[in-house]
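These are the residues of each chain, in order.
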Amino acid sequence: MSENFRKNFLFVFMVYPPLNLIVLYFLATFKLLNNHFLYLTGVEPLLFGDPAFVIGGILCFFFLKKARNVLHVDESEGVFFKIILNFFISFVFALCCVSFELIGGLVQNFLFGHTTWSYSNEFLNYRGMICLKVFLVFFFSVLFFSFFIFNYFLRIESFIKNEVYRNVVAFRKVIIVFSVFWVIHLLCFLGGYVNMWLFYRKEENKDKRFLPWPEHKIIIDYISDRKNNKID
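About the criteria used
- Residues numbered from 1 in each chain as written.
- Predicted model: local features only at pLDDT ≥ 70, side-chain atom pairs only at ≥ 80, totals over all residues.
- Heavy atoms only, no water.
- Helix = DSSP H or I, 4+ residues; strand = E, 2+ residues; numbered from the N terminus.
- Buried < 20%, exposed > 50% of the residue type's maximum accessible area, 1.4 Å probe, protein only.
- Contact = heavy atoms within 4.5 Å.
- Expected span 1.5 Å × (residues − 1).
- Bend = angle between axes of the 7 residues up to and from the residue.
- Polar contact = N/O pair within 3.5 Å; in protein donor to acceptor, adjacent residues only side chain to side chain.
- Core = buried A, V, L, I, M, F, W, Y, C linked by side-chain atoms within 4.5 Å.
- Phe/Tyr/Trp six-rings, centres within 6.5 Å; stacked < 30°, edge-to-face > 60°.

What follows is about the overall build of the protein. Within the protein one finds six helices and two strands. Going from N to C terminus, the protein has its helices and strands arranged as α-α-α-β-β-α-α-α. Looking at the protein as a whole, 33% of its 232 residues are labelled buried. Expressed as a percentage of contacts within the protein between residues at least 6 apart in sequence, the contacts between residues at least 24 apart total 69%.

Moving on, we come to helix H4 (residues 132-164). Taking 1.5 Å as the rise per residue, H4 with 33 residues should run 48 Å; its terminal C-alpha atoms sit only 42 Å apart, a clear shortfall. Of all the bends in H4, the greatest, near 60°, is centred on Ile149.

Turning to the side chain of Asn8, a few remarks are in order. Relative to the assigned elements, Asn8 resides in helix H1 (residues 3-35). At a separation of 2.5 Å, a polar atom in the side chain of Asn8 contacts the side chain of Lys161. With sequence-adjacent residues up to four places away left out, Asn8 is seen in contact with Phe62, Glu157 and Lys161.

If you check helix H2 (residues 51-70), its first and last C-alpha atoms are 28 Å apart, about what 20 residues at 1.5 Å a residue would give, namely 28 Å. Among the residues of H2, those classed as buried are Pro51, Val54, Ile58, Cys60, Phe61, Leu64, Ala67 and Arg68.

To continue, consider the nonpolar core. Formed by 26 residues in total, the largest nonpolar core has its most connected members in Leu64, Phe145, Phe153 and Ile160. Secondary structure elements with two or more residues in this core: H1, H2, helix H3 (79-112) and H4. For this core, the leading source of residues is H1, giving eight residues. Other than its neighbours up to four places away in sequence, Ile160 contacts Leu10, Phe11, Met14, Val15 and Tyr165.

On the secondary structure map, Lys7 appears in helix H1. Once you skip the residues sitting within four places of it in the chain, Lys7 turns out to touch Lys161 and Tyr165.

Applying the stated criterion to the full structure yields twelve aromatic pairs. An angle of 45° between the planes, with centres 5.5 Å apart, marks the rings of Phe11 and Phe61 as tilted. Of the two residues, Phe11 sits in helix H1 while Phe61 sits in helix H2, which places them 50 residues apart along the sequence. Note on Phe11: relative accessible area 1%, which makes it buried. Ring geometry for Phe61 against Phe153: centres 5.5 Å apart, planes inclined by 45°, an arrangement best described as tilted. With Phe61 in helix H2 and Phe153 in helix H4, the pair connects residues that are 92 residues apart, well separated along the chain. Its relative accessible area of 11% is what places Phe153 among the buried residues.

Have a look at this one:
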């Protein structure tokens, strides 16, 4: 195992938990503003966000870093050149994200008979798994990350790799705390999907929606009723 791999592992290991909480509260705030009702309906319990968003953000950082190195981008380049290049990199990464979402949707279709999300009502969608709107969300998110957040991630990475890595023994208590978080997080994530798989194995649940927590049905029904009343 190379030193560079260990440093990258430590960086991901330490960045993931706080980033996960940021994503959790960002999603909760979005749902609160959108529905005027705070709820979480994922397969994980409270205090654990959406791993897809968090891992996607970390992969986005490494992708941007690698792309800039390969394409020899530095701060001396002209502003117009950097804008065009960032648009291109964002387009490529967004295309990768949509491709992974499609693969995930096909896997869920194979395991459960349908996906846990649906874009069937969105413009230019494919089998309800991917759509133009989501592609544009990925594209502009990466573009925003590239222009406004990427450099801060570089500083955090440098600090962890140069300062924390050298004193990792002194930080062993912190590492233990992070390890506990990772273990609980992984068990919750896997447990949620195992429960979903067992739920859809039963024939009577074939056309039902998997809601891991009892209160989810009440919340979903409440939001659906509010939306239907607005339409009426």
